[in-house]
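# Close look at the chain arrangement
Take a look at the letters that make up each chain.
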Amino acid sequence: MTCDRIVILTGAGLSAESGVPTFRDAGGIWAKYDYRDVATPQGFARNPAQVHEFYNMRRNAHASVRPNAAHEALARLEQSYPGEVWVVTQNVDALHEGAGSRNLIHMHGELFRALCGACEKSRPWHEDIGIETPCPACGKKGAMRPDVVWFGEMPYHMERIRELLERADLFISIGTSGNVYPAAGFVAEARANGAHTVELNLEPSEGRSLFAEAIHGKATAVVPAYVDHLLVGK
């Protein structure tokens, strides 16, 4: 298969084999925490200390996580494929960057960035954040938060993502549940614009019927194999 423009959507299932917990599976993050307390603007307004504790814990846990073979395969595809390759990720980890991906859009923000609610400046951030942490830009205390998209907030870069979906002739969804919008609707958008659609997932997603092709199995197995298929046919 030869395609000029490939758009790849990645979700929590891609990073799971690196040891990053998923959200919706049994035993996942939302089985242990109520998302309304730690991942909504309302939860942050009620108890910012609790939200900071949750994200400080996640930031510290992610510091030792490394990209797996699936991340590395996608970076190799971007570097070796003669056409245009973009990754749109729902993940807030830095594993795509760690593997070498550069054409990358974090639609749900980044765990290793912090945002000031007062001056709206975003910056790289690896330390803990507390309710008294001052903003390095404006100096205000109590306004810093993780630069991640919470429930009820608009994902980042949607205009750019829709432009990519309009132009894509191959859309690949990897490691996603298919029930979180707007990302779950990307396959329908790509398909409506004439793209070939492929699902690479541990098991069939809720949107499986919208994909022209589906391969199920561990990301570290099916993603490198599909990348090899694309590179051999380039």
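The structure we're discussing is the one just above.
Residues numbered from 1 in each chain as written. Predicted model: local features only at pLDDT ≥ 70, side-chain atom pairs only at ≥ 80, totals over all residues. Heavy atoms only, no water.

Our focus in this paragraph is the pattern of salt bridges. Scanning all chains against the criterion turns up seven salt bridges. Note that Arg-36 is salt-bridged to Asp-34, the shortest N-O span being 2.9 Å. (Salt bridge = Lys/Arg side-chain N within 4 Å of Asp/Glu carboxyl O.)

Direction vectors running N to C along helix α6 (residues 69-80) and helix α10 (residues 219-232) enclose 15°, while the axes themselves pass 8 Å from each other. By the angle class used here, α6 and α10 are roughly parallel. Two packed elements cross with a definite hand, and for α6 against α10 that hand is left-handed. Between α6 and α10, the contacting residues are Ala-69, Ala-70, Ala-73, Leu-74, Arg-76, Leu-77 and Ser-80 on the first element and Ala-219, Thr-220, Val-223, Pro-224, Val-227, Asp-228, Leu-230 and Leu-231 on the second. Looking at side-chain class alone, the contact of α6 with α10 contains 11 nonpolar, two polar and two charged residues. (Axes fitted to C-alpha atoms, helices over the stretch in contact; angles between N-to-C directions. Helix = DSSP H or I, 4+ residues; strand = E, 2+ residues; numbered from the N terminus. Parallel < 35°, antiparallel > 145°, perpendicular 65-115°, else oblique. Left-handed = near helix turned anticlockwise from the far one by under 90°. Contact = heavy atoms within 4.5 Å. Nonpolar A, V, L, I, M, F, W, Y, C, P; charged D, E, K, R; others polar.)

Of note, His-106 is situated in strand β3 (residues 104-106). For His-106, a relative accessible area of 6% translates into the label buried. In this structure the side chain of His-106 is engaged in a polar contact, spanning 2.8 Å, whose partner is the side chain of Glu-97. In this structure, His-106 is in contact with Thr-89, Asn-91, Val-92, Asp-93, Glu-97, Tyr-156 and His-157, ignoring residues within four places of it in sequence. (Buried < 20%, exposed > 50% of the residue type's maximum accessible area, 1.4 Å probe, protein only. Polar contact = N/O pair within 3.5 Å; in protein donor to acceptor, adjacent residues only side chain to side chain.)

Further remarks concern unusual backbone geometry. In this structure, the amide linkage connecting Tyr-181 to the following residue, Pro-182, adopts the cis form with an omega of 10°. With respect to the helices and strands, the residue Pro-182 is situated in the loop between β7 (170-174) and α9 (186-192). Of note in the backbone geometry, Glu-120 takes a positive phi value of approximately 65° without being a glycine. Tracing the backbone shows Glu-120 in the loop between β4 (109-116) and β5 (122-124). Judged by relative accessible area, Glu-120 falls into the exposed class, the value being 65%.

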